[in-house]
Amino acid sequence: MQEFLESIQYSAFGLWVAGGDTIFAYPTILALHTVGLGIVVGMSAILDCRVLGMGRSVPLVDLQGLFRIMWWGFALNAVTGLVLFIAAAADKAYQKIFYVKLAFIFLALLTSSRIRRTVFGTALDPNGPMPQNAKFLAVASLVFWMGAIVAGRLMAYTQTF
Amino acid sequence: MAAFVTWLRETAVSEAFRVPQPWLWPTFESLHFLGLALVLGVAGFFDARLLGFMKGIPIRKAAEFLPLAKVGLAINLTTGLYFYIASPFQYSFNIAWWYKVSAIVLAAANAGFFELMLKTKMVTLRDDEEPPISFRIVGTLSLLAWLNVLYWGRMLPFWSPPGGGADL
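How each quantity is defined
Residues numbered from 1 in each chain as written. Chains lettered and ligands numbered in written order. Predicted model: local features only at pLDDT ≥ 70, side-chain atom pairs only at ≥ 80, totals over all residues. Helix = DSSP H or I, 4+ residues; strand = E, 2+ residues; numbered from the N terminus. Expected span 1.5 Å × (residues − 1). Buried ≥ 20, exposed ≤ 12 C-beta atoms within 10 Å, placed from the backbone. Contact = placed C-beta atoms within 7 Å. Axes fitted to C-alpha atoms, helices over the stretch in contact; angles between N-to-C directions. Parallel < 35°, antiparallel > 145°, perpendicular 65-115°, else oblique. Nonpolar A, V, L, I, M, F, W, Y, C, P; charged D, E, K, R; others polar. Core = buried A, V, L, I, M, F, W, Y, C linked by C-beta atoms within 7 Å. Left-handed = near helix turned anticlockwise from the far one by under 90°.

Draft legend 1. Local environment of helix H7 (residues 96-120) of chain A. All names here are of chain A. Helix length check: H7 (25 residues) gives 35 Å between terminal C-alpha atoms against 36 Å at 1.5 Å per residue, within 8%. For H7, the complete set of buried residues consists of Lys 101, Phe 104, Ile 105, Ala 108, Thr 111, Ser 112, Ile 115 and Val 119. Those residues of H7 that are buried are in contact with helix H3 (26-51), helix H4 (60-63) and helix H8 (132-154).

Put into structure tokens, the structure is as follows:
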């Protein structure tokens, strides 16, 4: 395992990402990862808060497109995240908080897709009150995405986590 | 500038932010990223609407989500001020920080312009009515400004002055 991690981290690509003599390597990829975070969690926050009662005059069906934007943001982050992992594989793979982050993302994705199917994909009265379980899912989604952000942020503190 | 920064760094407040609470910085960083997601995501959503996307949602209704962006901004101004007070050297002599602050001022001025000059128009706009071109300009500027805030914020550690990040 250690050998494999080192082989990708010290591959030509891994070394270029981590230390390439250009601002377009690590810094830009990290910035893109942060843009993706804003897209994913921002869209999710709008959808969740709509379920919880904010912006009630906006029909659910008109917000459905946000799931697609969210998906694009997620794709961006899956790719940039993988690249960032490669550049520091032998360190990140041993950080417990990294697996906490992955777990939160997994749970958040599960919850968001569930919301899409059970709330936005059905003929719910768009102006009526949301069923209790929909609100529960919305809160869970907010908590899981927040958890992913916090865990991701804490990955910077390699010594502690 | 150097005198101000040296003074600020020596104040009891700066000291208290820094020394006894090693967990405070990571906690505020986490909150800062949460705020970032709200500002970029929700303001970006509204900007996209101003630019003509998601025409099914009337602009004044899309604006009902803007309080989320304001909450994010409040979180980030608070935590950002904390970072600055706790570690003023790291930022004051970092060109990326000045770009970031300039972009924040631009984004705020742009939003203020919309609030003061265009909000009345937004409220009276019919659902099927095309907004004036000024809406598109404000949306474009806002999107560019916030992306710059994020970009230069992310560049802070890469542009920091020699030894500048040594505070924490």
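Draft legend 2. Just the packing of H3 of chain A against helix H3 (residues 24-50) of chain B, in detail. Look at H3 of chain A against H3 of chain B: their axes get within 7 Å of each other, and the N-to-C directions meet at 75 degrees. Relative to H3 of chain B, the element H3 of chain A is oriented roughly perpendicular. The segment H3 of chain A lies against H3 of chain B, with Leu 37, Gly 38, Ile 39, Val 41, Gly 42, Met 43, Ala 45 and Ile 46 of chain A engaging Leu 36, Ala 37, Leu 38, Leu 40, Gly 41, Val 42, Gly 44 and Phe 45 of chain B. Residues of the contact of H3 of chain A with H3 of chain B, tallied by class, amount to 12 nonpolar, four polar and no charged.

Draft legend 3. Quick look at the nonpolar core. Of all hydrophobic cores here, the largest spans 71 residues; its most connected members are Ile 46 and Ile 149 of chain A together with Ala 37, Val 39 and Val 42 of chain B. When residues of this core are assigned to their parent elements, the largest contribution, 14 residues, is made by H3 of chain B. With near-sequence residues (within four places) excluded, Ala 37 of chain B lies in contact with Leu 37, Gly 38, Val 41, Gly 42, Ala 45 and Ile 149 of chain A.

Draft legend 4. Quick look at the packing of H3 of chain A against H8 of chain A. Residue and element names in this part refer to chain A. Between H3 and H8, whose axes approach to 9 Å, the crossing angle comes to 160 degrees. For the element pair H3 / H8, the angle class is roughly antiparallel. Remark: the crossing between H3 and H8 carries left-handed chirality. For the pair H3 and H8, the contacting residues are Leu 37, Val 41, Ser 44, Ala 45, Asp 48 and Val 51 in the first and Ala 134, Lys 135, Ala 138, Ser 141, Leu 142, Trp 145 and Ile 149 in the second. Grouping the constituent residues of the contact of H3 with H8 by class yields nine nonpolar, two polar and two charged.

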